[in-house]
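Report on the structure
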Amino acid sequence: MKISRRLLALTTLVALAPLAHAQSGYPNKPIRVIVPFAAGSTTDIIARAITDKMSQSMGQQLVVENRAGASGTIGQAAVAQAAPDGYTIMIHSSSHTVSPHTFAKLPFETLTDFTPITPISSTPNVLVIAPSKGIKTLQELLTAARAKPGSMNFASAGQGSATHLNAEKFKLAARIDAQNIPFKGSAEAVTEVMAGRVDYYFSPIAPVIGQIRSGQLVPLAVGSPRRAAALPNVPTTAEAGVPGSEFNFWIGMFAPAKTPKAVVDRLHDEVVKALNTPEVKERFLTLGADAWTLRPEQFDAYVREEVRSNAALVRAAGLEVQK
């Protein structure tokens, strides 16, 4: 019996040795970083800013691969099905916690097929409107919306996107009636709002900061719980008189489920290191993004709570579930 136990122990050690060696030498080849949105999106820009620094620090290239489509679920599925070895990871937005409620069926399980690593940034949306509308404050927007219920509309970067949910949460909290006009992305949405064909848009700051500074768009409020560093004089929607309208648009890093803890911890630490470099700090400031990190277990708890709370928001907003 003693001999068999020793043989079993030896066999186990031999079997685990390659995995342990691979983890201790991680990474020893390029890492694929899937972004489930198009190049040039806010999530893509943040991903490239952080992975450039991580590549330098880790001694291996982190290669961003855009797998856009179906509100991010195509990219999510690719990561869920990848080997849990740390060589395929995902940088996604808070839309990750929305898709379970806006799709009747998904090729993955949001809470069990991914390992949350850390949030990277909290990126406030700013409510913008064209100067031609003659509205300069959030209260003026509410007055106009309530004067003619159902007459106003708002842009979004797609059904179920963070820009859409931000607007829906605001609409519910403000008790106004406005219609969603979905577009393929922020660029098209911004163009339509600037032209006055759509009334307003909860846009990520980066795509509209230039137009705000040039006076082509009027910022009425930011949808985040705190003011944005890039727009310090613009109040939050809560400060402007709509409590309960706060929406945290975040971008974070995930790995496939069962990725070794040592690899997850290494990736977490590398993100923190990159966020503390002067180059990334300056880049985030120009993007209107605030650096934000949590330990993997804390991020996992946060994601689970947001999946739960977004279920209630999707129901309250009456969003259509895609078959």
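**Describing unusual backbone geometry**
A cis geometry characterises the amide bond from Tyr26 onward to Pro27, with omega recorded as -5 degrees. Positionally, Pro27 belongs in the loop between helix H1 (2-24) and strand E1 (31-35). At Ser71, a residue that is not glycine, the phi angle is positive and equals roughly 55 degrees. Within the fold, Ser71 resides in the loop between strand E2 (62-66) and helix H3 (73-80). Positioned with a positive phi, Lys258 is a non-glycine residue whose angle comes to about 75 degrees. Tracing the backbone shows Lys258 in the loop between strand E10 (250-256) and helix H9 (261-275). A relative accessible area of 77% places Lys258 in the exposed class.

**Observations regarding the sheet that holds strand E4 (residues 114-122)**
Here 6 strands make up an open sheet; going across it, the order is E2-E1-E3-E10-E4-E11 and the pairing mixed. Strands with a single pairing partner mark the edges of an open sheet, and in this sheet they are E2 and strand E11 (290-291). When E4 meets E10, the two strands line up antiparallel, connected through 7 bridges. Bridge pairing in E10 links Ser122 to Trp250. Contacts from H3 reach E1, strand E3 (88-93), E4 and E10, with the element oriented near 150 degrees to E3. Helix-sheet contacts for helix H11 (residues 296-317) involve E4 and E10, and the interaxial angle to E10 is about 110 degrees.

**Considering H11**
For H11, which comprises 22 residues, the first-to-last C-alpha distance of 31 Å matches the rise-based estimate of 32 Å (1.5 Å per residue) to within 8%. Turning to H11, its buried residues are Pro296, Phe299, Val303, Glu306, Val307, Asn310, Ala311, Leu313, Val314 and Ala317. Summarising the contacts, the buried residues of H11 are in contact with helix H4 (99-102), E4, helix H6 (162-174), E10 and H9. Within two residues after H11, Gly318 carries a phi angle of roughly 65 degrees, on the positive side.

**Topic: the packing of helix H2 (residues 42-58) against helix H10 (residues 278-287)**
Where H2 meets H10, the axes come as close as 10 Å, and the angle between the chain directions of the two elements is 175 degrees. Taken together, the axes of H2 and H10 lie roughly antiparallel to each other. On H10, the residues touching Ile45, Ile46, Ala49, Ile50 and Lys53 of H2 are Glu279, Val280, Arg283, Phe284 and Leu287. Broken down by class, the residue content of the contact of H2 with H10 amounts to 7 nonpolar, no polar and 3 charged.

Cut-offs used in this document
- Residues numbered from 1 in each chain as written.
- Predicted model: local features only at pLDDT ≥ 70, side-chain atom pairs only at ≥ 80, totals over all residues.
- Heavy atoms only, no water.
- Helix = DSSP H or I, 4+ residues; strand = E, 2+ residues; numbered from the N terminus.
- Buried < 20%, exposed > 50% of the residue type's maximum accessible area, 1.4 Å probe, protein only.
- Pairing = 2+ DSSP bridges.
- Contact = heavy atoms within 4.5 Å.
- Axes fitted to C-alpha atoms, helices over the stretch in contact; angles between N-to-C directions.
- Expected span 1.5 Å × (residues − 1).
- Parallel < 35°, antiparallel > 145°, perpendicular 65-115°, else oblique.
- Nonpolar A, V, L, I, M, F, W, Y, C, P; charged D, E, K, R; others polar.

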